Amino acid sequence: MIGRILGNRYEIIEQLGVGGMALVYKARDTLLDRLVTIKILRDEFTSDDEFVKRFRREAQAVAKLSHPNVVSVYDVGSEGSIHYIVMEYIAGRTLKELIKEKAPLPPKQAVEIARQICEALEHAHENGIVHRDIKPHNILLTRDGRVKVTDFGIARAASAATVTQTGTIVGSVHYFSPEQAKGEVVGIKSDLYSVGAVLYEMMTGRVPFEGESPIAVALKHLQTPVLPPRQLNPSIPVNLEQVILKAMAKEPGIRFRTAREMSRALQDAMEGKSIPMIYTDDDAPTQVMPAIRFSTGDFDMNPEQPRKREKRKMRPIIKVFLVVAILGLLSGMVFGARHLLIVPTLEVPNVAGKTVNEAIATLAAVGLESRVVSSENNPTVPKDHVVRTEPPAGQVVKKNRVIGLVVSQGAKTETVPNVKGRTVAEASIILRNAGFDVGTVEPIYDAQAPKDLIVSQEPVADLPAPLGTKVKLLVSKGPPPQNVGMPNLIGLYLEEAKQKLEAAGLTLGVVNDRTSGEYFARQVIEQDTPPGTQIEQGMVVNLVVSKGPGPAPKTAPVSVIVPATGTEHQVIIVVEDLKGTREEYIRNHKPGDVVTENIRYYGRGKIRVLIDGQTVREKQVQ
C-alpha cells in the first residue's frame, strides 16, 4: 500500500497503526500539498455492502462537524474494494500513550483533557451524532496540548450495522456503558459514561473494570459497582471523584444530562464545589402523618408512660366538655395543616431569551422565586439573557419554588485565523478547523494580488469572534480590466478568431452557425461587437460562423511582361481571398518573356504580381 495513490490525489507514505475496523496510514494530499490521515476499512468489512453504504453515509455526516476539538474529515472515497476516509493529520500522540507513560495524571491536566472531550461531544450531540466509542485510543493530543476526538463515523456505522465477530464484542468494552453492554439503543449519556471511564483511567492508571474476557468486563459494567477511584489514588480531590462516579452511574437518569453540564461540573469540582450525585426535587408528594391518638375517657398526652388512675371519677359534664374542646382543637390543627402542607402547583413559565431582570419579574408574577445558578457560552442567546431554567419550562412545581436561571455568556469566541493570500479551498479548511466557516465570497479586482487569492477578510484576522461566525472573503480577479479595440474577426476561421480574442483579453461566448454561400464552413460571418469598438477586457463576444457550402471558385486573367534586362527573373502571383493568402504561381523566366495565367480565387480578394520580390501589379477581384 505504501506509495499507492488513492483517488488520484492521496499518496500513501507510511502505516501509522492497525485498528479493529481500519488500517491507519499517513498520506500526502498532492493537490493541497499537506499531510493527511487515511483510514482504510479492513477487508472483512468491505464485503458487507450495507455496512459500506452506512460507513460512507456516516463519514459524510461527520464531515459536517466543525470544532477545534474534533478531527476534521476532509474526504470519503473508494477505489475498487478499498473504502477510505481522509482526515486531518495530527502530529502528536494518543491519550492512551500518555496514560501508559504518566498515569495517574495531575487532576488539573486530567480535567482539562476531559473538558475538551466534553466540548467535542457537545458539538457532535448538537448535530445529532453520538460517538459510541469514546476511549483513550480515539483521543489525540496535539503538541500544544489540544484534544482532538476522532473516529465518529466508524463507531457510528459499526454500531448501526450491529457488526460482530466470533468471540469478540465490537467496540471498546473497557469503556462501554451498561446500555451498550445490553445491546440497547444508546444516546448522549452513553458517551458521558465513557468519558467518566476515561477520566477514571487518567486519574488511577487503571480501567474501571477488568476481567478474563470481554463478556466478563461487560457484565461488570452492568452489575458491579465501580471501585471509588480515591481508593486507588487518595490524592484525587473528593469533588472530582463525585464527578467520575456520577458520570459512571449504572442508571442513565443519574448521570449528567449533557456534555456541557459535565464540563461545568468538572470546572466546579476544581473550584472546590460539591457535585450532587443525583438530581433532587423538592416538589415531593404529600406525606401521611402519624395519627394523633387520644382517649375520650382519660386524656393522656404521653401514652407510653404508665399513668396513675385518678382517685375520683370525672363528672360526665366535664368529660363532654373536654371531648368537645379536644375535637375543636384537632379540627383547627387539621384546617391549619391543610393550608400549610397543601401548596398550590403551577407550570414553570418559559423565560428563555429574556434578560435576567425580565425573567425574575415574570417568575415572580406567578409566585415563583428565582436566582442565577450558572452561566455558559451560547451561540444563539445574547449575553446576559436566560438560556433555560432549572427545572425546565413547562414542569409543574409548587408555588414559591426557587427556580434556577442559566444565563448566557454569549457565543464562545476564538481568534480568527489569517487566510489572506490563500485560495478559497485552503481558507475553508483553515477556518473550519478553527471553528469558523466561509461566508460570502466576493470577487474584486486588485492590481497587486494574484488572481484567485484572498485579498481581505471580514472579520479581520487575529481578533476574537464568536465560534461559527461566517467569514466573508474578498478574492482577487486580477488587475482591473482595460478597454481594447474590438478586432475584425470576419472571414477568420473560428480557431483563429478565438486566438485573436484571447490575445485582446476578450472571451469567446456563444457560437451559432448559419448556411452561407459567401464564406467557407467555420469562417466567421458575424460578430456581435463591431470591429474597432472600444470594449472592456474580459467581456464576452458572440459569433456566427458559416456551415458552408461557401463561394464557388472564379478565375481572373493575369498578364505581365518580364523585364528585358538581366539574365533571369522570378515571377510570383499571390492571391488573398476567403481561403487566405497563398502563392498561385511561382516560376523563373527569361528577359522579355510574356506571362499570361488564369488565376483561381474565392469570393472577394486581391491578386498581386511580384517580379524578383517587388510588387509590379495589383488588382481587386470579386
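A quick note: this is a predicted structure, and the numbers were derived from the prediction, not measured.

Draft legend 1. Main features of the sheet that holds strand β24 (residues 540-549). One open sheet holds the 3 strands; their spatial order is β21-β24-β22, and the pairing between them is mixed. Every other strand in the sheet has two partners, leaving β21 (507-516) and β22 (524-527) as the edge strands with one partner each. The average angle at which neighbouring strand axes cross in this sheet is 25 degrees, direction not considered. Bridging between β22 and β24 involves 3 bridges; their strand directions are antiparallel.

Draft legend 2. Representation of the sheet that holds strand β8 (residues 139-142) within the structure. Taken in spatial order, the 3 strands line up as β7-β8-β9 in an open sheet, and their pairing is antiparallel. On the outer flanks of this sheet lie β7 (92-94) and β9 (147-149), each paired with one strand and no other. Taking each pair of neighbouring strands and ignoring which way they run, the sheet shows an average axis angle of 30 degrees. Pairing of β7 with β8 involves 3 bridges; the strand directions are antiparallel. Paired with Thr94 across the two strands is Leu140, which belongs to β8.

Draft legend 3. Representation of the confidence of the model for the protein chain within the structure. Per-residue pLDDT for the protein chain has a mean of 85; in total, 86% of the residues score no lower than 70. Mean pLDDT per element in the protein chain: helix α5 (residues 152-161) is the minimum at 52, and helix α7 (residues 188-204) is the maximum at 96. Confidence drops under pLDDT 50 across residues 157-170; counting only partners more than four residues distant or on other chains, this segment forms 24 contacts. Counted against residues more than four places away or in other chains, residues 278-313, with its pLDDT under 50, gives 27 contacts.

Draft legend 4. Spatial organisation of the pairing of strand β26 (residues 569-577). Of all 9 residues in β26, 7 are buried; the element is thus mostly enclosed. Two strands pair when backbone bridges link them, and β26 and strand β27 (residues 580-589) are joined in this way by 9 bridges, in the antiparallel orientation. Note that in β27 the partner of His569 across the bridge is His589. Linking β26 to β27, which pair antiparallel, is a turn of 2 residues. Relative to strand β29 (residues 605-611), β26 runs antiparallel, the two sharing 6 bridges. What sits directly across from Ile572, in β29, is Leu610.

Thresholds applied
Residues numbered from 1 in each chain as written. Predicted model: local features only at pLDDT ≥ 70, side-chain atom pairs only at ≥ 80, totals over all residues. Heavy atoms only, no water. Pairing = 2+ DSSP bridges. Helix = DSSP H or I, 4+ residues; strand = E, 2+ residues; numbered from the N terminus. Axes fitted to C-alpha atoms, helices over the stretch in contact; angles between N-to-C directions. pLDDT = per-residue confidence, 0-100. Contact = heavy atoms within 4.5 Å. Buried < 20%, exposed > 50% of the residue type's maximum accessible area, 1.4 Å probe, protein only.

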